[in-house]
Amino acid sequence: MERSLIKDVLAEQRFGEPSRVCGWVRTKRESKGFVFLALSDGSSQDTLQIIVFPEAPAFRELHRCNTGAAICAKGILRESPAKGQSIELEATDIVVVGEVDQATYPLQKKGHSLEFLREIGHLRPRTNTFGAVFRLRNILAAGVHDFFQARGFLWVHTPIITSSDCEGAGDLFTVTTLDLRNVPKKDSGEVDFSGDFFGTRAYLTVSGQLEAEFLALSLGRVYTFGPTFRAENSNTTRHLSEFWMIEPEMAFADLDDDITLAEEFFRFLCREVLEKGHRELSFLESHYKKISCDELRKLAETPFVRMTYTDAVRELRAANERFEFPVSWGSDLQSEHERYLTDKVVNGPLVITDYPKEIKAFYMKQNPDGKTVAAMDVLVPKVGEIIGGSQREDRLDVLAQRMSEVGISIENLRWYLDLRRFGTVPHAGFGLGFERLVQFVTGMANIRDVIPCPRAPRAIRL
Ligand code: 4AD
Ligand code: MG
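Everything numeric here is computed off the predicted structure, so don't read it as measured data.

Peer 1: Explain the domain arrangement of the protein chain to me, please; I cannot follow it from the model alone.
Peer 2: How big an interface is tends to be stated in terms of the accessible area lost upon association of its parts. What the domain assignment reports for the protein chain is domain 1 (6-105) and domain 2 (126-171 + 206-449). Averaged C-alpha coordinates put domain 1 and domain 2 at centres separated by 44 Å. Every contact between the two is made by nine residues of domain 1 and, on the other side, nine residues of domain 2. With both chains or domains summed, domain 1 and domain 2 bury close to 730 Å², and 26% of this area falls on carbon and sulfur atoms. For the pair domain 1 and domain 2, the interface holds one salt bridge. When the shortest N-O distance is used, the salt bridge between Arg-279 and Asp-46 registers 2.5 Å. Connecting domain 1 to domain 2 are eight residue pairs in polar contact (both at pLDDT 80 or more).

Now the structure itself:
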């Protein structure tokens, strides 16, 4: 008999029909001579209750159906008299597919701390919490494609190995096949990469933006959705060394269009999870009290507040607040400042625009004031910066001038400058940090708890 998914069994309510389900036992308990198993197959937040009567052949297998065991159960679906569920499987047969050693299985019925679960990353998706997080992550990922596909954006695949440092921040991982025991050096003492695999120094990408730009300047509207890598030594609850980014890029668009797209995108994704991940959100809401579906619903309807960097600085300087880092025009905003603005000033999502050019990347379009660029950051309560984007500098001379000012090789990025030579157009885009979004939606305090295998400084075991 074909295997059914528990989510379908629960949704379809086919009382009286035969069914076969497979999954892992969450709990086993006995009552009045019969035995109940709670079975999870990962397809749903809810477990399916399996009831076994003493006369069923399945009964003989129950001694091997301990917490964590993999089993397949066959039987008839019945209306359940128990509270909190409407359907259960009355099992006739059970096949124990994979037994579990009770003495050493780390997951017990009692709850475990998130810290403890981080130590057993390969088993944590079997818990209610991580099942919820990873199902919500999937809903959001599918939502990303739905959103852009419906608006005529092409999903493009930009490289993971690159020779350029897009953000100019210098936090790159080098990719090399050089013999580390005998690294070739130039006379100057620098490593000589000319004999390396690519004949030049190569890195893991920090962003697919530069490549997305040439694709947008031929295909019109594109987006990337892939892994990006940053070697910053930040041990925070919001930084990963490997994270997923979504980067839309639009030709014939300015900063205003960019902000509008970001806003529609963010609100669409909030609505998606509310609609498709309701069970998961409710579980996280009741269990951790860090998110609320009502708040999320409100956010999905709240327009972003827009504020220039200059106004944000004015607001922060006027604040009656003791910041660890003092604020002055020209300095980058720290998370304490961002949090003050989102949580205390606007109490919702906030877009800050027109940052000083010195604290932003070389490719951003310079404003007529000569001091600021057409940049935007979207900040949300609790998480802080979730999106960073800009209109791009589309004037060849201004871009080349800026590149030489900040010491970016014009030779390496000749193709990037070509885009400003051959049919240049105003264009804009942004990057959404996918894990920060999942963090925001799930309310998980630590970004390491929203990705299956978190990569962070000194953390790569699983
Ligand atoms: O602001 P960032 O650095 O912007 C870019 O990379 C641009 N090239 C995007 C573009 O315009 N196409 O990064 C974008 C977002 C941030 O707002 C943040 O959400 C996320 O990526 N991010 C990180 N997420 C987790 N860990 C890190 N170390 C992150 N660094 C950035
Ligand atoms: Mg940024």
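Peer 1: I'm lost on the packing of aromatic side chains in this one. Help?
Peer 2: A ring pair, where both rings are aromatic, is described by two values, the distance of the centres and the angle of the planes. Applying the stated criterion across every chain, the model contains 22 aromatic pairs. A centroid spacing of 4.8 Å and a plane angle of 45° characterise the contact between Phe-148 and Phe-265, whose relative ring orientation is tilted. Residue Phe-148 is located in helix 3 (residues 128-150), and its partner Phe-265 is located in helix 5 (residues 255-276); the two are separated by 117 residues in the primary sequence. Judged by relative accessible area, Phe-148 falls into the buried class, the value being 0%. Between Phe-225 and Phe-434, the ring centres sit 5.1 Å apart and the planes meet at 65°, which makes this aromatic pair edge-to-face. On the criterion of sequence distance, the pair formed by Phe-225 in strand 10 (residues 221-229) and Phe-434 in helix 12 (residues 434-442) is long-range, its members being 209 residues apart. Neither Phe-225 nor Phe-434 differs from the other in exposure class; each is buried. Put simply, the rings of Phe-147, Phe-148, Phe-153, Tyr-223, Phe-265, Phe-268 and Phe-430 touch in pairs and so form one group of aromatic residues. In this arrangement the basic side chain of Lys-360 is found over the ring face of Tyr-355, its NZ or CZ atom lying 4.2 Å from the centre. One cation-aromatic arrangement involves Lys-371 over Trp-329; the distance from NZ or CZ to the ring centre is 5.5 Å.

Peer 1: I tried to follow a nonpolar patch on the surface on my own but got confused; where do I start?
Peer 2: On the surface, a cluster of nonpolar side chains totalling about 400 Å² of accessible area is made up of Ile-160, Ile-161, Phe-197 and Phe-198. Considering the arrangement of structural elements, one finds Ile-161 in strand 7 (residues 161-162). With a relative accessible area of 40%, Ile-161 lands in the partly exposed category.

Peer 1: Explanation requested: the side chain of Glu-249 in the structure shown.
Peer 2: Topologically, Glu-249 is positioned in strand 11 (residues 242-251). At 2.8 Å, the side chain of Glu-249 forms a polar contact with the side chain of Arg-392. In this structure, Glu-249 is in contact with Phe-153, Gln-209, Ala-212, Glu-213, Ala-216, Gly-220, Arg-221, Val-222, Arg-392, His-427, Ala-428 and Gly-429, ignoring residues within four places of it in sequence.

Peer 1: I would appreciate a short explanation of the environment of Gly-98 in the present structure.
Peer 2: Mapped onto the elements, Gly-98 comes out in strand 5 (residues 87-98). Sequence spacing of Gly-98 and Ile-259 is 161 residues, and the spatial spacing of their C-alpha atoms is 51 Å. If near-sequence neighbours (up to four positions away) are discounted, Gly-98 is found in contact with Ala-69 and Ala-70.

Peer 1: Please explain the sheet that holds strand 12 (residues 305-308) as it appears in this structure.
Peer 2: Whenever strands of a sheet pair, they do so through backbone hydrogen bonds, lying parallel or antiparallel. Reading across the sheet, the eight strands line up as 6-10-11-16-15-14-13-12 and stay open at both edges, with mixed pairing between neighbours. Each edge of the open sheet is held by one strand with a lone partner, namely strand 6 (154-155) and strand 12. Those strands touched by helix 8 (residues 309-318) are strand 12 and strand 13 (350-353), and its axis lies near 90° from that of strand 12.

Peer 1: Even after reading the chapter, I still don't get unusual backbone geometry, so can you show me in this structure?
Peer 2: A negative phi holds for most residues other than glycine; trans holds for most peptide bonds. Positioned with a positive phi, Asp-354 is a non-glycine residue whose angle comes to about 55°. For Asp-354, the position within the fold is in the loop between strand 13 and strand 14 (375-380). With a relative accessible area of 21%, Asp-354 lands in the partly exposed category. Despite not being glycine, Arg-458 has its phi angle at roughly 60°, a positive value. Of note, Arg-458 is situated in the segment after helix 12.

Criteria and cut-off values
- Residues numbered from 1 in each chain as written.
- Chains lettered and ligands numbered in written order.
- Predicted model: local features only at pLDDT ≥ 70, side-chain atom pairs only at ≥ 80, totals over all residues.
- Heavy atoms only, no water.
- Domains from an automatic or database assignment.
- Contact = heavy atoms within 4.5 Å.
- Buried area = accessible area lost by both parts, 1.4 Å probe.
- Salt bridge = Lys/Arg side-chain N within 4 Å of Asp/Glu carboxyl O.
- Polar contact = N/O pair within 3.5 Å; in protein donor to acceptor, adjacent residues only side chain to side chain.
- Phe/Tyr/Trp six-rings, centres within 6.5 Å; stacked < 30°, edge-to-face > 60°.
- Helix = DSSP H or I, 4+ residues; strand = E, 2+ residues; numbered from the N terminus.
- Buried < 20%, exposed > 50% of the residue type's maximum accessible area, 1.4 Å probe, protein only.
- Lys NZ or Arg CZ within 6 Å of the ring centre and 35° of its normal.
- Patch = residues over 30% accessible without salt bridge, like charges linked within 9 Å, V, L, I, M, F, W, Y side chains within 5 Å.
- Areas by Shrake-Rupley, 256 points an atom, 1.4 Å probe, with all protein chains shown as cover.
- Pairing = 2+ DSSP bridges.
- Axes fitted to C-alpha atoms, helices over the stretch in contact; angles between N-to-C directions.

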